Amino acid sequence: MRLFFAVIILSLCAIAQTQPAPESAATPATAASATASPAITSPAAESSMSTTAATDKITTPKPVAKDSAAELTIPSGTKVPLVLKHAISTRGTHEGDAVYAETTFPLVVNNRVLIPAGTYVQGRITHIQRGGHISGRAEVLMHFTTMIYPSGYTVMLPAALDSAPGVDKTGVTDEEGTVKADSQTAEKVGTIAGPAATGAVIGAAASGVKGLAIGGAAGAAVGTAIAMLTRGNDVKMDVGTSVEMVIQRDVHVDAARVPNTTSTAAVTP
């Protein structure tokens with residue numbers, strides 16, 4: 001009898017051991033491993049998260065205010081003294097020839113050097129005319145078109161000649177800066193009257209009143225011939241001649257390229 005009960009108990013134990021454990025009964029080690037493992041995300045989700053983080057760090061740049069000091073203005077009407085670097089003459093210069101000059105004194109506006117001494121100025125002869133034999137004065141018209149700083153910085157100019165104090169027997173006659181020689185009318189009249197008077201005296205001594213008229217006419221003819229062969233004075237500007245140009249419109253220059261100093265050595269004609 002005891003043997004029978006022992007066999008039944010062993011059979012029940014064997015059956016209990018062969019049955020699988022329930023799914024909900026997870027071991028403590030398995031639960032801890034599941035808790036410690038990081039969550040796995042897809043590549044698309046990671047890219048989206050990175051883009052969002054980068055967007056949060058990007059800030060809209062603020063507009064940069066324009067620095068008014070970066071640009072300087074040479075006002076219209078500014079007069080700049082120059083010295084010519086080559087000669088100009090109505091006898092040998094032609095329309096279209098270049099004009100070369102150099103500033104002799106610094107231009108300072110509001111305690112700031114805008115044009116230092118020694119700045120090169122280039123221009124062109126736009127009209128030239130020799131003096132006539134009987135009438136018409138010699139004249140020269142030039143315009144300044146370029147200004148070259150010692151550093152090589154180049155600025156375009158609208159400038160004309162304002163005065164020519166270093167040129168004898170001439171004057172600037174209009175706003176464009178035309179230089180004209182002085183009038184030669186009196187000299188022409190003297191050229192004609194001199195021979196005419198001489199001829200009249202000689203004729204009067206030879207033949208009386210009739211000789212006076214004949215001699216005067218002959219002398220006048222000689223004087224007219226001399227005047228016809230003689231031109232009026234030429235306009236001549238030698239190297240080192242002092243002139244003055246005037247800026248005709250506002251000229252804007254880059255402050256960073258214009259030195260705020262000038263040479264102490266003055267350029268003398």
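The rules behind each value
- Residues numbered from 1 in each chain as written.
- Predicted model: local features only at pLDDT ≥ 70, side-chain atom pairs only at ≥ 80, totals over all residues.
- Heavy atoms only, no water.
- Helix = DSSP H or I, 4+ residues; strand = E, 2+ residues; numbered from the N terminus.
- Buried < 20%, exposed > 50% of the residue type's maximum accessible area, 1.4 Å probe, protein only.
- Contact = heavy atoms within 4.5 Å.
- Core = buried A, V, L, I, M, F, W, Y, C linked by side-chain atoms within 4.5 Å.
- Pairing = 2+ DSSP bridges.
- Polar contact = N/O pair within 3.5 Å; in protein donor to acceptor, adjacent residues only side chain to side chain.

## Section: the overall build of the protein
Move 1: Across its full length, the protein holds four helices and 14 strands.
Move 2: Evaluated residue by residue, the protein yields a buried proportion of 30% over its 269 residues.
Move 3: Long-range pairs, those at least 24 residues apart, make up 67% of the contacts in the protein between residues at least 6 apart in sequence.

## Some points on the nonpolar core
Move 1: By size, the foremost hydrophobic cluster in this structure holds 38 residues, and its most contacted members are I74, M142, F144, Y149, M245 and V253.
Move 2: Excluding anything up to four places from it in sequence, M245 contacts T78, K79, V80, L82, V121, F144, L157, A159, A160, L161 and D162.

## Details of the pairing of strand 6 (residues 112-115)
Move 1: Relative to strand 6, strand 5 (residues 107-109) is paired through three bridges, and the arrangement is antiparallel. Within the sheet, the bridge partner assigned to V109 lies in strand 6 and is R112.
Move 2: The antiparallel hairpin formed by strand 5 and strand 6 contains two residues in its connecting segment, where N110 sits at a positive phi of about 55 degrees.

## Some details on the side chain of T146
Move 1: Checked against the element boundaries, T146 lands in strand 8 (residues 139-148).
Move 2: Within the structure, T146 has its side chain in polar contact with the side chain of T145 (distance 3.5 Å).
Move 3: Each residue touching T146, except ones within four places of it in the same chain, is listed here: Y120, V121, Q122, T154, V155, M156 and L157.

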